[in-house]
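Coordinate inspection notes
The chain contents come next:
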Amino acid sequence: MANSLYWLPDAADAESPLKPAELEVLRSQYEKEGSYVSLQTKFNYAWGLIKSNNRAEQQEGVRLLSDIFRASVERRRECLYYLALGNYKLGNYAEARRYNDSLMELEEGNMQAQSLRELIDDKVAKEGMMGMAIVGGLAAAAAVGVGMLVRGSQRKR
């Protein structure tokens, strides 16, 4: 098992957005550094965006983390978890699972990754049940509609 060099937050931490002023500090620093933005500044801003309740900001956070993942070999392990969290928040469960599984291959005992895997699986199962209920409801409505049409055409005869 790889040695954990970085602390990783619990998945619940992604659900508590920064205050607007806190996110503005990160945004300001990111913009101030411009084309010479440090990896840490970019990473901090990306994490702040992912924690947001705004979907467009979450998507931008995932995009920035993807850039870091591609550009920085030494930050890939850390990025895997945050990319998994970001995709989880966006509802991209297959992507979240892919990133999380990659991290778990590197660190089988990573408790945060194991916890996130359970959250992803629970969400997929719940949405699958909801999807089946919706499809079942639509099928029942269609059957009622067809039944009404058949009865209506039989009465006209």
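Residues numbered from 1 in each chain as written. Predicted model: local features only at pLDDT ≥ 70, side-chain atom pairs only at ≥ 80, totals over all residues. Heavy atoms only, no water.

**As for the overall build of the protein**
We count it as follows: Under the DSSP-based scheme used, a helix requires at least four consecutive residues in state H or I and a strand at least two consecutive residues in state E, with every element numbered from the N terminus. Burial here depends on accessible area, computed with a 1.4 Å probe over protein chains only, as a share of the maximum for the residue type. Under 20% is buried, over 50% is exposed, and the range in between is partly exposed. Here a residue-residue contact requires only that any non-hydrogen atoms of the pair lie within 4.5 Å. Method for areas: the Shrake-Rupley scheme with a 1.4 Å probe, in which residue coverage is limited to the protein chains shown.
Across its full length, the protein carries six helices and zero strands. Starting at the N terminus and ending at the C terminus, the protein contains elements arranged as α-α-α-α-α-α. A total of 157 residues make up the protein; the buried ones form 34% of that total. In the protein, of all internal contacts separated by at least 6 residues, the share reaching a separation of at least 24 is 60%. Carbon and sulfur atoms form 58% of the exposed surface of the protein, whose accessible area is close to 9700 Å².

**Notes on the packing of aromatic side chains**
For clarity, the cut-off: Stacked, edge-to-face and tilted are the three classes for Phe, Tyr and Trp ring pairs, Trp counted by its six-membered ring, which pair at centre distances within 6.5 Å; planes under 30 degrees apart are stacked, over 60 edge-to-face, the rest tilted. Geometrically, a charge over a ring is one whose NZ (Lys) or CZ (Arg) sits within 6 Å of the ring centre while staying within 35 degrees of the ring normal.
In total, this model carries six aromatic pairs according to the counting rule given. Judged by centre distance (4.8 Å) and plane angle (85°), the ring pair of Phe43 and Tyr82 falls under edge-to-face. Of this pair, Phe43 sits in helix H2 (residues 39-51) while Tyr82 is found in helix H4 (residues 76-90), placing the two residues 39 residues apart along the sequence. Like Phe43, the residue Tyr82 is buried in the burial classification. Here a set of aromatic residues connected by ring pairs shows up, and it is made of Phe43, Trp47, Tyr81 and Tyr82. The ring of Phe69 is capped by Arg76, whose NZ or CZ atom sits 5.4 Å from the centre of that ring. The residue whose ring lies beneath Arg98 is Tyr99, and the NZ or CZ to ring-centre distance is 4.7 Å.

**Describing the nonpolar core**
Note on soluble globular proteins: their nonpolar side chains tend to be buried together. The condition is simple: Side-chain atoms within 4.5 Å link the members of a nonpolar core, which is a set of buried Ala, Val, Leu, Ile, Met, Phe, Trp, Tyr and Cys residues.
Counting 30 residues, the largest nonpolar core has Leu65, Tyr81, Leu85 and Leu116 as the members making the most contacts within it. Contributions of two or more residues to this core are made by helix H1 (20-33), H2, helix H3 (55-71), H4, helix H5 (93-106) and helix H6 (111-156).

**Details of the packing of H1 against H2**
Two quantities define a packed helix pair, namely the angle between the helix axes and the distance between the axes. Just so we agree on the cut-off: To get an axis, fit a line to the C-alpha atoms, keeping to the stretch in contact for a helix; angles then go from 0 to 180 degrees between the N-to-C directions. Whether a crossing is left-handed or right-handed is set by the direction in which the near helix is turned from the far one by less than a right angle, anticlockwise for left-handed and clockwise for right-handed. For this classification, Asp, Glu, Lys and Arg are treated as charged, while Ala, Val, Leu, Ile, Met, Phe, Trp, Tyr, Cys and Pro are nonpolar and the rest, including Gly, are polar.
Between H1 and H2, the shortest axis-to-axis distance is 9 Å and the interhelical angle comes to 145°. With respect to the hand of their crossing, H1 and H2 are arranged in left-handed fashion. Note on element contacts: H2 touches H1 through Thr41, Lys42, Asn44, Tyr45, Gly48 and Leu49, opposite Leu23, Leu26, Arg27, Gln29, Tyr30 and Glu33. Across the contact of H1 with H2, the residue classes tally to five nonpolar, four polar and three charged.

**A look at H2**
Note: α-helices contain 3.6 residues per turn, so residues at a spacing of three or four share the same orientation. Test applied: By definition here, a helix of n residues has an expected span of 1.5 Å times n minus one.
Spanning 13 residues, H2 covers 18 Å between terminal C-alpha atoms, matching the ideal 18 Å at 1.5 Å per step. Residues of H2 that are buried: Thr41, Lys42, Phe43, Tyr45, Ala46, Trp47, Gly48, Leu49, Ile50 and Lys51. Buried residues along H2 sit in contact with H1, H3 and H4.

**Structural notes on the environment of Glu95**
Mapped onto the fold, Glu95 is located in helix H5. On the basis of relative accessible area, Glu95 is assigned to the partly exposed category, the value being 30%. Once the C-alpha coordinates of Glu95 and Leu85 are considered, the two residues, 10 residues apart in sequence, prove to be 9.8 Å apart.

**Looking at the confidence of the model for the protein**
This is how it is decided: For every residue, the predictor reports its confidence as pLDDT, a number between 0 and 100.
This prediction gives the protein a mean pLDDT of 84; 76% of its residues lie at or above 70. Of all helices and strands in the protein, the one with the weakest mean pLDDT is H6 (70), whereas H3 scores best (97). Contacts for the low-pLDDT stretch residues 1-5, under 50 throughout, to residues beyond four places or in other chains number nine contacts.

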